[in-house]
Amino acid sequence: MDIIFGIFSTTTIYLFLFLSTLLYYHFSKRHHKKHKLTPNLPPGSMGWPYIGETLLLYSKDPNTFFSDKQKRYGDVFKTHILGCPCVMLASPEAARFVLVTNADLFKPTYPKSKEKMIGPSALFFHQGEYHHLVRKLVQSSLSPVAIRRLIPGIEDIAKSMLDSWASREVINTFQAMKKFSFEVGILAIFGHLDKQYKEELKKNYSIVDKGYNSFPTNLPGTPYHKALMARKKLSQILEEIIAERKEKKLLENDLLGHLLNFKNDKGETLNDEQIADNIIGVLFAAQDTTASALTWILKYLHDDPKLLEGVKAEQMEIHLSNEKESRGLTWTQTRNMPLTYKVILESLRMSSIVSFTFREAVVDIEYNGYLIPKGWKVMPLFRNIHHNPEFFNEPQNFDPRRFEVAPKPNTYLPFGTGAHSCPGNELAKLEMLILIHHLVNKLRWEVVGPRDMVAHSPFPVPYNGLPSRFWKEPKKEVQPWKEPEKEELCH
Ligand code: HEM
């Protein structure tokens with residue numbers, strides 16, 4: 001028994017040793033394999049501890065910082081800026097991966113100070129059900145069907161603005177365009193609004209605007225503190241406007257109307273704070289972006305007299321036909337300004353006003369063999385895509401004709417893409433078309449001072465806001481048509 005036990009135990013020991021060796025190799029190989037499969041972080045440099053590469057970013061133009069990095073490391077690279085580790089993505093596929101196909105794995109992310117200033121219930125800070133709901137309301141109030149009724153109002157704003165510029169005095173084009181885009185924003189949000197409310201909103205909004213990009217120290221006297229105070233005042237004004245609307249039971253079709261009339265199947269509505277935050281949010285998203293785009297358009301047209309002549313000819317034809325019929329611009333006419341429209345598309349590509357956006361990875365994610373760790377910021381770089389010669393031939397040249405052919409999918413993203421793409425893009429294009437129509441028909445302008453330098457405010461704007469002089473185009477007598485003499489016909 002002992003012997004049997006002895007033989008058994010010796011065999012067992014050998015068997016045990018054999019099996020454990022086998023298992024060890026098996027697991028160690030698997031472990032090794034698993035280790036090998038764990039994706040690496042993308043290439044790139046993280047700079048100094050804590051400050052990372054923030055100083056490098058600010059010592060250069062941000063666009064140069066990003067394009068230098070792309071040249072060195074490729075389309076996916078890591079860096080550390082503004083206190084956060086980031087993965088930058090400079091290819092159309094990567095932008096689509098983050099913003100469209102895996103949008104639920106990347107949440108919107110903004111500094112708390114900015115969230116507080118705009119209002120935490122504004123749609124762009126959210127994702128999921130609440131975002132979806134508010135976005136639907138904003139989108140329907142800014143859809144082509146909804147905005148076509150705004151054309152006469154936008155025309156009136158454009159005409160009165162242009163009249164006020166035509167004094168030959170040097171004006172800051174960007175600031176002038178901000179006034180225009182603010183008024184159009186108010187029109188889209190409230191429809192007709194009492195002058196007194198409008199003035200109060202304008203006054204307080206401009207204080208918020210000044211403090212938004214200041215250092216967030218909430219001490220009396222600082223621009224940030226003043227902006228927070230003005231933001232409170234804005235909420236009070238909006239509450240009054242909302243109360244008045246509710247009292248009068250007005251069922252308007254503007255953005256405020258859409259937000260006020262919302263009721264879900266459980267009978268829940270949006271509260272006043274949610275409505276106010278989204279109104280400020282939309283105003284904020286609408287103003288500087290559109291003003292910056294218009295300022296660039298004026299610069300590009302000014303720099304290319306032949307192109308300007310082409311745009312003038314296109315717009316003059318529409319103007320003359322409307323004058324004959326004593327009517328304003330029609331929706332169909334705004335859809336049929338091919339050259340002007342291409343100038344807008346190319347200006348948006350060249351200037352890439354929103355040159356990138358931010359998201360945050362909510363879990364560890366693998367993209368193209370690289371690890372994007374949970375909590376890291378992710379930045380799709382729209383400008384790098386718009387300036388890649390693979391997608392836009394000679395990208396540094398302003399050439400509206402390139403839009404005679406549609407750009408390759410996901411390469412043209414001035415309004416972003418996916419769940420958070422711009423719901424105001426049709427309104428932005430409409431107001432640009434209307435302003436250009438009246439501008440080129442009524443005024444001439446001359447840019448004063450340097451115009452090839454760029455400032456960031458935070459959107460790129462030509463240096464000093466493109467100081468320019470405007471004056472009235474001498475009215476040309478439109479000659480009545482007369483039959484040419486026989487001789488004339490021969491020529
Ligand atoms: C030329 C003018 C404009 C440009 C270039 C522009 C660009 C953009 C971009 C790139 C985004 C997406 C940002 C992201 O994915 O993080 C965005 C979002 C947004 N834009 Fe615009 N925009 C313009 C004008 C407007 C206007 C006129 C309005 C409203 C009247 C507007 C309202 C919004 C809103 C509310 C969002 C947030 C959408 C969401 O989070 O679901 N934008 N815009």
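Residues numbered from 1 in each chain as written. Predicted model: local features only at pLDDT ≥ 70, side-chain atom pairs only at ≥ 80, totals over all residues.

As annotated in an unreviewed UniProt entry, the protein chain carries the name (+)-abscisic acid 8'-hydroxylase and is attributed to Handroanthus impetiginosus. Within the UniProt record for the protein chain, the comment given under Catalytic activity (unreviewed entry) is "2-cis-(+)-abscisate + reduced [NADPH--hemoprotein reductase] + O2 = (+)-8'-hydroxyabscisate + oxidized [NADPH--hemoprotein reductase] + H2O + H(+)". UniProt lists a comment for the protein chain under the heading Pathway (unreviewed entry), and it reads "Plant hormone degradation; abscisic acid degradation." (UniProt positions renumbered as here; feature names shortened; annotations may be inferred.)

Trainee: Hey, could you go over the overall build of the protein chain for me, with residue numbers and the actual values?
Mentor: Secondary structure summary: the protein chain contains 19 helices and twelve strands in total. Out of the 491 residues belonging to the protein chain, those deemed buried represent 35%. A separation threshold of at least 6 residues defines the contact pool for the protein chain, and within that pool the share at least 24 residues apart is 72%. (Helix = DSSP H or I, 4+ residues; strand = E, 2+ residues; numbered from the N terminus. Buried ≥ 20, exposed ≤ 12 C-beta atoms within 10 Å, placed from the backbone. Contact = placed C-beta atoms within 7 Å.)

Trainee: Go over the site of the ligand with me, naming the residues and quoting the values.
Mentor: With respect to spatial proximity, 27 residues lie near the ligand, and among them Ala285, Thr289, Gly416, Cys422 and Gly424 are the closest. Elements with a minimum of two residues in the shell around the ligand: α6 (129-141), α9 (173-190), α13 (272-303) and α18 (425-442). A breakdown of the residues in the shell around the ligand according to their chemical character gives 17 nonpolar, nine polar and one charged. Residues from two domains meet in the shell around the ligand; each of domain 1 (37-110 + 353-386) and domain 2 (121-191 + 252-352 + 405-490) gives at least three. (Near = placed C-beta within 6 Å. Nonpolar A, V, L, I, M, F, W, Y, C, P; charged D, E, K, R; others polar. Domains from an automatic or database assignment.)

Trainee: Explain α9 to me, using residue names and the numbers behind them.
Mentor: Compared with an ideal rise of 1.5 Å per residue, which puts 18 residues at 26 Å, α9 spans 26 Å between its outermost C-alpha atoms and is within 8% of the ideal. Burial analysis of α9 places 16 of its 18 residues in the buried class, which makes it a mostly covered element. Among the residues trailing α9, Gly191 stands out with phi positive, at a value near 65°. (Expected span 1.5 Å × (residues − 1).)

Trainee: Give a description of the sheet that holds strand β12 (residues 467-472) that names residues and reports values.
Mentor: Pairing within the open sheet is antiparallel, and its three strands lie in the order β4-β12-β9. With one partner strand each, in any of the chains shown, β4 (170-172) and β9 (443-447) form the two edges of the open sheet. Across this sheet, the average inter-strand angle for adjacent strands is 40°, counted without regard to direction. Of the strand pairs in this sheet, β4 and β12 are connected by three bridges, and their pairing is antiparallel. Paired with Ile171 across the strands is Ser468, a residue of β12. (Pairing = 2+ DSSP bridges. Axes fitted to C-alpha atoms, helices over the stretch in contact; angles between N-to-C directions.)

Trainee: A description of the sheet that holds strand β8 (residues 377-380) should follow, citing residues and the corresponding values.
Mentor: Spatially, β1-β2-β8-β5-β3 is the arrangement adopted by the five strands of the open sheet, whose pairing is mixed. Bordering the open sheet on either side are β1 (76-81) and β3 (106-108), each of which pairs with just one other strand. The sheet shows a mean angle of 35° between the axes of neighbouring strands, direction not considered. With three bridges joining them, β3 and strand β5 (residues 359-361) adopt antiparallel strand pairing.

Trainee: I'd like a rundown of the UniProt feature "binding site: heme" (unreviewed entry) in the protein chain, residues and numbers included.
Mentor: Here, UniProt's "binding site: heme" (unreviewed entry) annotation points to Cys422. Among the structural elements, Cys422 can be located in the loop between α17 (382-386) and α18. Residue class for Cys422 comes out partly exposed when judged on the 18 C-beta atoms lying within 10 Å of it.

Trainee: Requested: an account of helix α8 (residues 151-165), with residues and values cited.
Mentor: Here α8 is 15 residues long and its end C-alpha atoms lie 21 Å apart, about the 21 Å a rise of 1.5 Å per residue gives. Along α8, the residues that are buried comprise Ile154, Ile157, Ala158 and Trp165. Across the axial projection of α8, the buried residues extend over an arc of 95°, all falling on one side. In α8, those exposed residues whose orientation departs by more than 90 degrees from the buried face are Pro152, Ser160 and Ser164. Buried residues along α8 sit against β4, α9, α18 and β12. (Arc of directions from axis to C-beta.)

Trainee: Quick one: what's the story with the pairing of β12, residue by residue and with numbers?
Mentor: The sheet contact formed by β9 and β12 spans five bridges and is antiparallel. Within the sheet, the bridge partner assigned to Glu446 lies in β12 and is Arg469.

Trainee: Any details on the packing of α9 against α13? Residues and values, ideally.
Mentor: Following both chains from N to C, one finds α9 and α13 inclined at 140°, their axes separated by 8 Å at the closest point. With respect to α13, the axis of α9 lies oblique. The hand of the α9/α13 crossing is right-handed. Counting all contacts with α9, which are made through Thr173, Phe174, Met177, Lys178, Ser181, Phe182, Gly185 and Ile189, the residues of α13 involved are Ile279, Val282, Leu283, Ala286, Gln287, Asp288, Thr290, Ala291, Ser292, Leu294, Thr295 and Leu298. Of the residues in the contact of α9 with α13, the class split is eleven nonpolar, seven polar and two charged. (Parallel < 35°, antiparallel > 145°, perpendicular 65-115°, else oblique. Left-handed = near helix turned anticlockwise from the far one by under 90°.)

Trainee: Kindly report on the environment of Leu371, identifying the contributing residues and their values.
Mentor: Along the chain, Leu371 falls in strand β7 (residues 370-372). The exposure class assigned to Leu371 is partly exposed, which follows from the 18 C-beta atoms found within 10 Å. Along the sequence, Leu371 and Leu41 sit 330 residues apart, while their C-alpha atoms lie 4.9 Å from each other. Those residues in contact with Leu371 that lie beyond four places of it in its chain are Pro39, Asn40, Leu41, Asp364 and Glu366.

Trainee: So what's going on with the pairing of β1? Which residues, and what values?
Mentor: Counted residue by residue, β1 has six buried out of six residues, so it is predominantly covered. Taken together, the six bridges between β1 and strand β2 (residues 84-89) define a ladder with antiparallel strand orientation. From the neighbouring strand, Val76 faces β2, where its bridge partner is Leu89. Hairpin connection, β1 to β2: the antiparallel pair is bridged by two residues, and Leu82 has positive phi, about 50°.

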